[in-house]
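Next come the chains, spelled out residue by residue.
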Amino acid sequence: MLHKLTGIVTRFPKTTIFLVLIATIFFALQFPKIKIDTDPENMLEQNQPERVFYQKMKKEFSIHDLLVVGIVDKQGIFNSDTLRRIARVTDAILKIKGVIIENVVSLRTSDNVTSENGTLVIKHFMEEVPQNPQAIEKLKNAVYGNPFFVDKIVSQDGKATAIYIPIAKKSEGYRISKEIKRILKKELSPEEKYYLAGLPVAEATFGHDMFIQMGITAPLAGLFILILLFLLFRKGVFLISPMMDAVLAVVWAMGLLIGLRFPVHIMSSMIPIFLMPIALLDDIHILSDFFDRYPFIKDKRKTIIATMKDLYRPMFFTSITSAVGFASLAMADIPPVRIFGLFVAFGIMAAWLFSHTVVPAIIMLMNEEKLALFLERRRQKRSFLDRMLKPLGNFAFAKSKVILIGAAIILLAGIIGIKQIRINDNPVKWFKPNQKIRIADKVMNKFFGGTYMAYLVVKGDKEEAIKNPAVMAYINKLQNHLANLKIVGKTSSIADIVKRINYVLHDENKSFDSVPGKRNEIGQYLFLFSMTGDPNELDNFIDYGAQKANIWVQMKGGDNIQMSRVEDSTSAFIKKNPPPAGITVSWSGLTYINKVWQNLMVFGMLKAVSGSFFIVFLLMIFEFRSLRLAIISMLPLSFAIISSYGLVGFLGKDYDMPIAVVSALSLGMAIDFAIHFLQRFRAGYKKYKNIEATNAYIFQEPARAITRNAIVITFGFLPLLGATLTPYITVGAFFSILMIFSFLTTLILLPALMRIWGKSLFASVKNNIKKT
């Protein structure tokens, strides 16, 4: 069927290109519907228990995504001028559409709990800006006299203040953050520095920057690949078909994704970058083979038909294995991972279709006279690749035993390195260290309790359970335990409020800075607080029926391993100090959700890749009709993965989301070289009947095509190193390294294996060799 397709395409090249472009226009028309999504909650299934619980607790405790503003004055914030500017900033922020005014926590809006003549008094710390030293000192004493707000709205040293800004919709985070920055620039003096931090800020900024990166890195990668192709083929006309295929594959894949109403997240934003080099693989093989054949056949149509006849089988299996590698991600537990894998797989098969239609069609439209002249001159010249590959082939064949020993040593080192890999990630670290968001994160976590929010929910088996003194005291014990953990900077709970009321109503006697021992006393304090102050202020810490309580845990770091350590330490504490009967304790919050989805993704990717590795192995058995050849075909892939990930372990690089993504890409890409090598070696052995002569043949056109592909893929990802977002940089650098390992394994290790076992391998499959 493919032979017939090539015949039809070469007879009607213009019609073929016209039909492909019509279909492409349909996909391109979907692009205006694009929607960006960086919400970590959407990385989990709708029915994922952690997601369901988080959404439920947000409603029960009026929890919203928080933007955190830090204002730093090295001379101290407690002076009239600075306090006046802080007040103006806060008042302006309260007017921004999308800000939940009643839940803003700041020096200007937060209530202090005190007493006067035995009566509870609740009022704002700074209803009016203090104008004289006495008033300023009174404000300072009030703030530092209430531990609930120290390290939350003011720093210990008095040089910084924070404003916690809840927003109604996470999708509005970027807009609101830009408006806040405009206010800060307008109101603050040059001596006062401002910082905007928090995971929602990171996510909103990342979503914006990701969109920009899509528009910059993909064209940049395309331009870079264009230059590489020109250096390899030395004629501009030969760049048209591969670049056209790459662009078409991207448009089809992204157009289908957007047209089906899937949002673009961090992983799917990388689809263009991934597809561009992949889409060129078959094209480079076709052009390389066409160049070598044409000077002898001297007819475009006959040459392209002969080329496609020999290459259709390896091209099909390289494409299908790459597609399977990505489609395997459909087995992952993370929806965006599944979407990414499936649409890259679709793009790969679209590129395969273009290789069988667009490439032959464009070749047929070339001027035959100019083509013949160029290729004849090219044939007479000995290229750099020829000068390099022949000695490499001789070396790999002659030093086979040494190479096998060296490969075994490298493989062992890789296994040792893999054992040192640490699984960890943090969305804030997706930005470079010198970017504003990373600097803000560092400064804010230095001055305050922490910008990474997690929540510990204490639930009773009946209403009013939280008012039980034993339960309230247990909440206090949990906080004390968390406070002793280095990564935890601050905790807040309903127990703090109850203790504060107890303390101030007993004339600030330190012996009463504790949880009352009677249920009715706790109930009276909570009722008194809700009647005297704003009852909404309790909503963040206790539900309406007093059956659940929420402990705010502010952390100074948001790494997965840091969250896991806090979680494990808390579990150990609970095991050693069981809660009162009927009480359960559960984690939630954005930092915890990030840990959950990232762990699910990493282990899900490992599961998916392992499954697809087996599927690809079965495909190789079917392709080669030989178990031993199938095993050998998997060696470059296995060697590349083990060596590359071993290097990751030795370098101390965390196994994070980008590294996990590349594992799927490597599965399909790394085996491409091996399939072409073994297919061509088997065909060559059938012709030459001699392993050494076959090896010499392989290091001519077949090795040139493999090398050209390796160069394009390896260097094609390097433009990602100039990205502003670290996941793109990681993918670019790591995948280039992985492809280098795969390329070297194919052209050094496989010839060595052929030298030792080639005769027995091909003798065993001689009867199964089909005419290709």
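Reading the values: the criteria
- Residues numbered from 1 in each chain as written.
- Predicted model: local features only at pLDDT ≥ 70, side-chain atom pairs only at ≥ 80, totals over all residues.
- Heavy atoms only, no water.
- Phe/Tyr/Trp six-rings, centres within 6.5 Å; stacked < 30°, edge-to-face > 60°.
- Helix = DSSP H or I, 4+ residues; strand = E, 2+ residues; numbered from the N terminus.
- Buried < 20%, exposed > 50% of the residue type's maximum accessible area, 1.4 Å probe, protein only.
- Axes fitted to C-alpha atoms, helices over the stretch in contact; angles between N-to-C directions.
- Parallel < 35°, antiparallel > 145°, perpendicular 65-115°, else oblique.
- Contact = heavy atoms within 4.5 Å.
- Nonpolar A, V, L, I, M, F, W, Y, C, P; charged D, E, K, R; others polar.
- Pairing = 2+ DSSP bridges.

Visitor: So what about the packing of aromatic side chains? Which residues, and what values?
Guide: For the structure on display, the rule yields 25 aromatic pairs. Between Phe326 and Phe340 the ring centres are 6.0 Å apart and the planes differ by 70 degrees, which places this aromatic pair in the edge-to-face class. Placement of Phe326 in helix α10 (residues 300-327) and of Phe340 in helix α11 (residues 335-364) is noted, with a sequence separation of 14 residues between them. Judged by its relative accessible area of 0%, Phe340 is buried.

Visitor: Outline the packing of helix α7 (residues 199-233) against helix α20 (residues 590-624), listing residues and values.
Guide: The geometry of α7 relative to α20 is characterised by a closest axis approach of 10 Å and an angle of 55 degrees between their N-to-C directions. On the basis of their axis angle, the class for α7 and α20 is oblique. Across the interface between the two elements, Leu199, Pro200 and Glu203 of α7 pack against Leu590, Thr591 and Asn594 of α20. Residue classes in the contact of α7 with α20 are distributed as three nonpolar, two polar and one charged.

Visitor: Account for unusual backbone geometry, naming residues and giving values.
Guide: The backbone phi angle of Glu508 is positive, close to 55 degrees, even though this residue is not glycine. Along the polypeptide, Glu508 turns up in the loop between α17 (494-505) and α18 (519-532). The phi dihedral of Lys689 falls on the positive side, at around 60 degrees, and the residue is not glycine. Among the secondary structure elements, Lys689 is positioned in the loop between α23 (657-688) and α24 (691-698).

Visitor: Quick one: what's the story with the sheet that holds strand β7 (residues 488-492), residue by residue and with numbers?
Guide: Across a sheet, paired strands are connected by hydrogen bonds in the backbone, their directions being either parallel or antiparallel. With antiparallel pairing, four strands are arranged side by side in an open sheet as β7-β8-β6-β9. Whereas interior strands pair on both sides, the edge strands pair on one side only; in this sheet they are β7 and β9 (584-588). This sheet shows a mean twist of 25 degrees between the axes of neighbouring strands, independent of strand direction. Across eight bridges, strand β6 (residues 452-459) lies against strand β8 (residues 548-555) in antiparallel orientation. Its bridge partner lying in β8, Tyr452 is registered against Met555.

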